[in-house]
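For reference, the chains in residue letters:
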Protein chains: 2
Amino acid sequence: MDVETFLAELKDHLTAHQIILDREGLSHFSYDATEQRFMPHVVVLPENTQQVSAVMRLAYKYDVPVTPQGGRTGLSGGALPVHGGVLLSLLRMNAIIEVDEKNMQVTLEPGVISSDLQQELKKHHLFFPPDPSSTVESTIGGNVAENAGYTRAVKYGVTRDYVLALEAVLPDGEIISLGRNTVKNVAGYDMVSLLVGSEGTLAIITKICFKLLPLPLKRITLIIYLNDLVKAADLVVSIFKAGIIPSAIELMDNISINTTADHLGAPLRREAEALVLVEIDGHHEGALREEANEILALCKGIEGLLEAKIALDDTESDRYWLIRRETLPSLKALGKDHLEADVVVPRYQLPFLVKAIRALKYSPAIKIATFGHAGDGNLHVTILHRRRNFAELSEAYTILEEVYKKTMEMCGSLTGEHGIGITVKDYLPLQMSESEIALMRRIKAAFDPKGLLNPGKIF
Amino acid sequence: MDVETFLAELKDHLTAHQIILDREGLSHFSYDATEQRFMPHVVVLPENTQQVSAVMRLAYKYDVPVTPQGGRTGLSGGALPVHGGVLLSLLRMNAIIEVDEKNMQVTLEPGVISSDLQQELKKHHLFFPPDPSSTVESTIGGNVAENAGYTRAVKYGVTRDYVLALEAVLPDGEIISLGRNTVKNVAGYDMVSLLVGSEGTLAIITKICFKLLPLPLKRITLIIYLNDLVKAADLVVSIFKAGIIPSAIELMDNISINTTADHLGAPLRREAEALVLVEIDGHHEGALREEANEILALCKGIEGLLEAKIALDDTESDRYWLIRRETLPSLKALGKDHLEADVVVPRYQLPFLVKAIRALKYSPAIKIATFGHAGDGNLHVTILHRRRNFAELSEAYTILEEVYKKTMEMCGSLTGEHGIGITVKDYLPLQMSESEIALMRRIKAAFDPKGLLNPGKIF
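Please read all numbers here as calculations on a predicted model, not as lab measurements.

1. Some details on the side chain of Asn147(A)
Here is step 1 of the chain: Relative to the assigned elements, Asn147(A) resides in the loop between α5 (140-146) and α6 (153-156).
Here is step 2 of the chain: Sequence-distant contacts of Asn147(A), that is, excluding residues within four places in its chain, are made with Val158(A), Thr159(A), Arg160(A), Val196(A), Gly197(A) and Val186(B).

What follows is the structure, encoded as structure tokens:
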């Protein structure tokens, strides 16, 4: 790595205000939501694809590692420059280039903030379902790199399902176009899906075309309390069996309910073992009301039901979705350190995973909260502990590994939507064989023979 | 390639009735729906993954090419052994291993016939939307290898959207497991999507896990005749704008209407420039009726409407869907040879593509019919000619190239659902740059360094 010569030549391609070298400036880009820190040698803020290409070409020439970065809201450390070198922030490439109403597509740059896209599309009565809880800070490029999901995945799928085409810059600076602006395309390998979720390790995404849907006209939320987690799974199965596909089915366990109730002063039922929030959406209010009543009837058939009700209006709905959104911040506000697992199992196994986690033996200083996307089988497990207490820290890691092992026993995956990054990579061999990992490494090498792009991630 | 030694060792792993060497037997496996023929040296019919692995290991050892094959219904020649060697038919690996109602998944072997899966799932009130028109002959493995689409893609997506996990055998015989039986999974690169649609060039798929949906309870078909193709596109856009996502929107042009009417003796409106079939499906008959009436109202707002009606009952619906399904067979029954393009453009460009094709100058001996999936922008262009008349044949190829060029001008793709195979591979450089093709070749090499698996396809 020859950073000095690299920097000297870099100034031919970027202006002074696009290059950050001072310690305070570098520090700003050195951490994400994992609260880990890695200092880059330099931060660059390109403003167009040509500049990204120039940076990459130079970095390739002088063997300088490059880590792409969006809004720094990642939960697996994927955008942290663990090997130093160049931190390539895409925040200044933030144009929504075209909203194509007739073809229901949007073309945009990766630095667009998620909620800015949501607001723009609403004006056109268009809908882009993936909308992570970090929406006001996370970038679309980050969502694509991590294949973000969140609550609506149960009905609408994840980010990958909406990416039609990408422009990207390869590690050697070459600009490529992958996919087409068409909803179907089988010309060659699916390089688009390969780049989505590749955590910035294969190429730098510089332009994205998403397909869009018409904005659903109506939404209804149901609030359901149960005294048993397994009953929550039974309910989920019975909803699907009835032919209803909700737009969200979220689950909070007793600890999550109580911690969030404390933190927000929200009047939740603290004795419940499970709070299930169900959202249905659609085109016809009448049909939705009918569906909501069907779900209520299904609830009444479940032993262990404490309460089931339809939210009175949008205000009440919004209140419950805010409670769900604030679950992790509420847990964080307890002032403890936390380890998080983003495990996912086949939908019906979810409560059994929760029960298996409950059955783990651990000291009373540790608390484990579980909440997540019941419709997808995706559970966020938060292990609260004190990092500076070595016994607690090592116990927390033991629990984390146990959670991963239980997940593997249930044919699940180590991560449903947060990515492997640096926080999960040591556990990847629990899920993949040596030859499967070797195959991924060969694909990495097909894009990045020098291993300069986002090194130290995934494997 | 050392076929003799390969065959001698093969007999250690397969029984005599799993190896075909006689000319008549080989001939049976030598063609597909493209009507092209390539003779293999040997046909093998493995019955389990271990046997597939054994065949691959030996072929790798003796440098023998291997071409995997399903139901031979492909329209791009992807399953033809153009380099001879081993034809590996997966027809005997045809078990539906498990229908998991609670998790809404099915695990099966690649040789299962598409319509057999459809019938099995119906018993469980489950739904697997991709169902190509070749459903009674095509295999699920072929659908996965080609990423099959067909009519319901507009609402439900294509085969790739349903594949959760795959077991596959690499060219060197290694057995790998990709993906997980979970609806979300971001652990590592999306190798599942990479294999889907890779036309059997990366690995032999030996087991598949699909996610499923609840079976929609109700369906309604609308039959709409228009005197202008562009009005058909306006109608499609207005349906989406109204917030309605139909489960199918199909388009037939005047020639397709007349040829199919002649062939089936069907009472279609022959003067129409466009027949649009719209299917909506859902959970509530009342809401569906409302939607159907909304679509009728939208039709009435369109100048150039000849007729719009709701099919009276399932019998009338089925009749129209059969007419649509029989369009290509009807064109084939004209007794001419045909070249087909499976082009796809952004949805709203479709009629402009049809108009551009109409505007081409060609001799009266040639006929061009266009029909396809209007909701997806996917058009099947059938160029009818006589192959043995050299002037007509060369004119047909000139037209084919023009169709591809017009498609490229509209930011479309050379193939929406049939694949590149051998029939489209010469045109791939129209759509992809040299460096994009080179990148795909490096990915191919990451799986198949010796280039033995399904050689001669895609590039």
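2. Some details on the packing of helix α1 (residues 3-10) of chain A against helix α3 (residues 49-61) of chain A
Residues and elements named next belong to chain A.
Here is step 1 of the chain: Where α1 contacts α3, the axes come no closer than 9 Å and their chain directions differ by 150°. One way to sum up the angle between α1 and α3 is to call them roughly antiparallel. Considering only the axes of α1 and α3, their crossing is right-handed. Contacts from Phe6, Glu9 and Leu10 in α1 reach Val55, Leu58, Ala59 and Lys61 in α3.
Here is step 2 of the chain: Residues of the contact of α1 with α3, tallied by class, amount to 5 nonpolar, no polar and 2 charged.

3. Re the sheet that holds strand β15 (residues 305-310) of chain B
Residues and elements named next belong to chain B.
Here is step 1 of the chain: Pairing within the open sheet is antiparallel, and its 7 strands lie in the order β15-β12-β14-β13-β17-β18-β16. Each edge of the open sheet carries a strand with a single partner, namely β15 and β16 (337-344). If you compare each strand with its neighbour and ignore which way they point, the axes differ by 15° on average.
Here is step 2 of the chain: Note that strand β12 (residues 218-226) and strand β14 (residues 274-282) share 9 bridges and pair antiparallel. Counted as the bridge partner of Leu226 is Ala274 from β14.
Here is step 3 of the chain: Against the sheet, helix α10 (residues 285-300) engages β12, β14 and β15, with an angle of about 10° to β12.

4. Brief notes about the pairing of strand β10 (residues 204-211) of chain A
Taken residue by residue, a regular strand's side chains alternate between the two faces of the sheet.
Residues and elements named next belong to chain A.
Here is step 1 of the chain: For β10, the tally of buried residues reaches 6 of 8 residues, placing the bulk of the element in the interior.
Here is step 2 of the chain: Sheet topology note: the strand β6 (residues 105-108)/β10 ladder contains 4 bridges and is antiparallel. Looking across to β10, one finds that Gln105 is bridged to Lys211.
Here is step 3 of the chain: Judged from the 6 bridges that link them, strand β8 (residues 163-169) and β10 form a sheet pairing that is antiparallel. By the bridge assignment for β10, Glu167 is matched with Lys207.

5. Concerning the domain arrangement of chain A
Residues and elements named next belong to chain A.
Here is step 1 of the chain: Here chain A is described as being made up of domain 1 (3-89), domain 2 (96-214), domain 3 (218-324) and domain 4 (335-424).
Here is step 2 of the chain: Here the C-alpha centroids of domain 3 and domain 4 sit 23 Å apart.
Here is step 3 of the chain: Tallying the contact residues gives 18 residues for domain 3 and 17 residues for domain 4.
Here is step 4 of the chain: Both faces considered, domain 3 and domain 4 share a buried interface measuring about 1500 Å² in area, 62% of it formed by carbon and sulfur atoms.
Here is step 5 of the chain: There are 3 salt bridges connecting domain 3 and domain 4.
Here is step 6 of the chain: Close ionic contact of Lys355 with Asp228 constitutes a salt bridge, the shortest N to O distance being 3.8 Å.
Here is step 7 of the chain: Where domain 3 meets domain 4, there are 8 residue pairs in polar contact (both at pLDDT 80 or more).
Here is step 8 of the chain: At the level of elements, α8 (229-241), β13 (248-253) and α9 (254-264) are the ones that each hand at least two residues to the side of domain 3 that touches domain 4.
Here is step 9 of the chain: Looking at which element gives the most residues to the side of domain 3 that touches domain 4, the answer is α8, with 7 residues.
Here is step 10 of the chain: Across the side of domain 3 that touches domain 4, the residue classes tally to 10 nonpolar, 2 polar and 6 charged.

6. Considering the interface of chain A and chain B
Here is step 1 of the chain: Between chain A and chain B, the contact holds 86 residues from the first and 85 residues from the second.
Here is step 2 of the chain: Contact between chain A and chain B buries roughly 6900 Å² in total, counting both sides, with carbon and sulfur atoms accounting for 61%.
Here is step 3 of the chain: Of all residues in chain A, the largest losses of buried area upon contact with chain B belong to Lys184(A), Val186(A) and Tyr189(A), amounting jointly to 14% of the total for that side.
Here is step 4 of the chain: Connecting chain A to chain B are 8 salt bridges.
Here is step 5 of the chain: In this structure, the salt-bridge partner of Lys184(A) is Glu417(B), at a minimum N-O distance of 2.8 Å.
Here is step 6 of the chain: At the junction of chain A with chain B, the criterion picks out 37 residue pairs in polar contact (both at pLDDT 80 or more).
Here is step 7 of the chain: At the level of secondary structure, the elements contributing two or more residues to the side of chain A that touches chain B comprise β9 (175-179), α7 (191-195), β11 (213-214), α8, α10 (285-300), α15 (428-431) and α16 (434-447) of chain A.

Conventions adopted
- Residues numbered from 1 in each chain as written.
- Chains lettered and ligands numbered in written order.
- Predicted model: local features only at pLDDT ≥ 70, side-chain atom pairs only at ≥ 80, totals over all residues.
- Heavy atoms only, no water.
- Helix = DSSP H or I, 4+ residues; strand = E, 2+ residues; numbered from the N terminus.
- Contact = heavy atoms within 4.5 Å.
- Axes fitted to C-alpha atoms, helices over the stretch in contact; angles between N-to-C directions.
- Parallel < 35°, antiparallel > 145°, perpendicular 65-115°, else oblique.
- Left-handed = near helix turned anticlockwise from the far one by under 90°.
- Nonpolar A, V, L, I, M, F, W, Y, C, P; charged D, E, K, R; others polar.
- Pairing = 2+ DSSP bridges.
- Buried < 20%, exposed > 50% of the residue type's maximum accessible area, 1.4 Å probe, protein only.
- Domains from an automatic or database assignment.
- Buried area = accessible area lost by both parts, 1.4 Å probe.
- Salt bridge = Lys/Arg side-chain N within 4 Å of Asp/Glu carboxyl O.
- Polar contact = N/O pair within 3.5 Å; in protein donor to acceptor, adjacent residues only side chain to side chain.

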